[in-house]
Amino acid sequence: MTDPLTITGIHLKKKGFDTLPAFSFTPNDPQAMNITLFTNCCIYDTPAGHNESDTKSYYKPTGRKHLVNITARAALLLTEKGARVIVHLPEGVGNRVRELFSLHPNASAITFIEGDLASLSFVGELYSALREIARKQPVGQLSICLYDSFAAGRKKPFAPMIEESLEDVTRCAVTRLAVFTTLSDLSHDLLLNKGLLELRLVVPTALAARRASAHLFTDTVHKVLSTTALRTLAYELSHYTGKNAVIVELMPGIVDTGMYDDQEVIRTVQEEAALDGFPFAYPNETLPMLSPDEIAEVIVLYLSTSVGKKPKADSRLENLTTAGRSQMEVAQLLQKSFSQEGPSLWVEKLLPDYCYVPEATWGTFPPLRYGYIPIPLTPKGQLF
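Being a predicted model, the structure only gives us computed values, none of them experimental. (Residues numbered from 1 in each chain as written. Predicted model: local features only at pLDDT ≥ 70, side-chain atom pairs only at ≥ 80, totals over all residues. Heavy atoms only, no water.)

> So what exactly am I meant to see when it comes to the overall build of the protein here?
For the protein, the count of helices and strands is 10 helices and 11 strands. Here the protein holds 384 residues, and the buried ones make up 53% of them. The long-range fraction of contacts in the protein, counting pairs at least 24 apart against all pairs at least 6 apart in sequence, stands at 77%. Here the protein contributes 37 positively and 42 negatively charged side chains, and the mean placements of these two sets differ by 6 Å. (Helix = DSSP H or I, 4+ residues; strand = E, 2+ residues; numbered from the N terminus. Buried < 20%, exposed > 50% of the residue type's maximum accessible area, 1.4 Å probe, protein only. Contact = heavy atoms within 4.5 Å. Lys, Arg positive; Asp, Glu negative; His and termini not counted. Charge placed at Lys NZ, Arg CZ, Asp CG, Glu CD.)

Next comes the structure, spelled out in structure tokens:
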């Protein structure tokens, strides 16, 4: 019987990984540094009809002219800790965004790459960048923060299923599957053939990954496929490479990216919450939202914490781990959700679907461990 490591090597060779630029990690070198890859990092103009708010993430070198997305902010936060990062830029905006990054005082700590995340050529770009970095200083560890927003930049990001087109849904699903197939191949190759001792993946998705709701069909397809891939990798990576992997899925609720400045989007979300059974108490008020800064801070916590340790988060961030409620309320509702009468057992939906996810932790952040770690993040007042 062929052993798992041999099987993995055969399939990677069939997919062309033996033709990519050669390099190797040197984790035992005392001078070796750690590097993190952040994908789809973007700095973008404040949108038309922009509403200034404390929950937006503004790009400091240009004041309030530009916003930064989650991975761009996390990458910059990590450079402030003295780390080196590789920033992947979305296709079509590379030159413009690269120029904006160059304004930052920590720009020298950034290596830029571009390319389609679903392609072998993207992996080649990453390997070329790592080889060039390693020529100047040994590299001992690579972590990956994979991010791709379905809703960003869409005129109508949320719509009832009857309005969705089969072509759009299919395109979304195929693209997402292709990205995670490449991520799987890349992860296996790093661990099996490049000398990486362990892999750390931190992937922001959304609550939609574990909470289907109204107006979110295509977005939910995008996120559910992500969760399925991450859970599968958590089972398979160590088996087929003989190495350990940490896979953290951050599932944020409503994030203030500028998209929610549109009143139609707000009304759609308010209706969604009501249809889900958890309406906003004051539907005419501004939506409770997370800041990209807050999610970026949690990303950096899980990139920086050692395995077996609990991230050192302040109460401001830990308050995001109680499903938009008080810690006591979420605990009481979870306990009341489970009922038994004789031999019959059932779960009543007293909380949104994502609250019943196995291995989730409430009221605090879970310690970093090998395998899969789900972390829902919700602003106070978002009850659905």
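> Would you mind showing me how to read the sheet that holds strand β6 (residues 139-145) here?
In a beta sheet, neighbouring strands pair by backbone hydrogen bonds and run either parallel or antiparallel. Read from one edge of the open sheet, seven strands run β5-β4-β1-β6-β7-β8-β11, paired in parallel fashion. Where the open sheet ends on each side, the last strands, each with one partner, are β5 (110-113) and β11 (371-377). Pairwise comparison of adjacent strand axes, ignoring direction, gives a mean angle of 20° for this sheet. Strands β7 (198-204), β8 (244-252) and β11 of the sheet are contacted by helix α6 (residues 217-241), whose axis makes an angle of about 160° with β8. (Pairing = 2+ DSSP bridges. Axes fitted to C-alpha atoms, helices over the stretch in contact; angles between N-to-C directions.)

> Sorry if this is basic, but what is going on with the pattern of salt bridges here?
Two side chains with opposite charge may pair up if their charged atoms get near one another. One pass over the structure, following the stated rule, counts 17 salt bridges. Among the salt bridges present, the one from K15 reaches D185, with a minimum N-O distance of 2.9 Å. Taken together, the residues K15 in the loop between α1 (4-14) and β1 (33-38) and D185 in helix α5 (residues 166-193) connect sequence positions 170 residues apart. The class for D185 is buried, based on a relative accessible area of 13%. Three or more residues joined by partner-sharing salt bridges are found here, namely K56, D256 and D261. (Salt bridge = Lys/Arg side-chain N within 4 Å of Asp/Glu carboxyl O.)

> What is the right way to look at the packing of aromatic side chains in this model?
The way to describe two aromatic rings as a pair is by their centre distance and the angle between their planes. Throughout the structure, instances matching the rule amount to eight aromatic pairs. Judged by centre distance (6.2 Å) and plane angle (75°), the rings of F338 and Y356 are edge-to-face. Separated by 18 residues along the polypeptide, F338 in strand β9 (residues 338-341) and Y356 in the loop between β10 (344-347) and β11 bring together distant segments of the chain. On the basis of relative accessibility, which here comes to 24%, the residue Y356 falls in the partly exposed class. What links up through ring pairs into an aromatic cluster is the set F23, F25 and Y127. Seen from the ring of Y58, R64 lies directly overhead, with NZ or CZ sitting 4.1 Å from the centre. (Phe/Tyr/Trp six-rings, centres within 6.5 Å; stacked < 30°, edge-to-face > 60°. Lys NZ or Arg CZ within 6 Å of the ring centre and 35° of its normal.)

> Just checking my understanding: could you explain α1 for this structure?
Sitting at the head of α1, D3 places a side-chain oxygen 3.0 Å from the backbone nitrogen of L5. Looking at the residues trailing α1, positive phi occurs at G16, about 90°. (Polar contact = N/O pair within 3.5 Å; in protein donor to acceptor, adjacent residues only side chain to side chain.)

> Can you help me understand the layout of surface pockets in this one?
A water-sized probe rolled over the atoms picks out the places where empty space is left. Of the volumes computed, that of the second largest pocket is approximately 290 Å³. In terms of lining residues, the second largest pocket is bounded by 14 residues, among which N34, Q141, S143, R200 and L303 are the most central. Of all the secondary structure elements, the ones that give two or more residues to the lining of the second largest pocket are β1, β6, β7 and α8 (292-304). The leading source of residues in the lining of the second largest pocket is β1, at three residues. Of the residues belonging to the lining of the second largest pocket, the class tally is five nonpolar, seven polar and two charged. (1 Å grid on protein atoms, 1.4 Å probe; cavity = no way out; pocket = protein on both sides within 12 Å on 5 of 7 lines; lining within 4 Å. Points joined across faces, edges and corners; volume = space filled by probe spheres on them. Nonpolar A, V, L, I, M, F, W, Y, C, P; charged D, E, K, R; others polar.)

> Honestly, the packing of helix α4 (residues 120-136) against α5 in this entry has me stumped. Any pointers?
Helix-helix packing: each pair is described by the crossing angle between the helix axes and the interaxial distance. For the pair α4 and α5, interaxial distance at closest approach is 10 Å and the crossing angle is 35°. α5 is crossed by α4, and the crossing has right-handed handedness. Touching V123, L126 and Y127 of α4 are T182, L186, D189 and L190, all from α5. Residues of the contact of α4 with α5, tallied by class, amount to five nonpolar, one polar and one charged. (Left-handed = near helix turned anticlockwise from the far one by under 90°.)

> How should I be thinking about the nonpolar core in this particular structure?
Side chains of nonpolar character tend, in soluble globular proteins, to be buried together. Ranked by internal contacts, the top residues of the largest apolar core, which has 45 residues, are F38, V87, F101, V248, I299 and Y302. Where this core is concerned, the elements lending two or more residues are α2 (70-80), β4 (84-88), α3 (94-101), β5, β8, α8 and β11. In terms of residue count, α8 provides more of this core than any other element does, eight residues in total. Excluding anything up to four places from it in sequence, V87 contacts F38, C41, A75, F101, I110, T111, F112 and I113. One finds M33, I35, V139 and F180 within the second-largest nonpolar core, a separate group that totals 39 residues. (Core = buried A, V, L, I, M, F, W, Y, C linked by side-chain atoms within 4.5 Å.)

> Would you mind going over the pairing of β9 with me for this structure?
For a regular strand, side chains alternate in direction, first toward one face of the sheet and then toward the other. Pairing between β9 and β10: four bridges, direction antiparallel. Counted as the bridge partner of F338 is V347 from β10.

> It is not clear to me how the side chain of S213 should be interpreted in this structure. Could you clarify?
Along the polypeptide, S213 turns up in the loop between β7 and α6. Relative accessible area serves as the criterion here: at 18%, S213 is assigned to the buried category. Contact partners of S213, with chain neighbours within four places excluded, come to E272 and D276.

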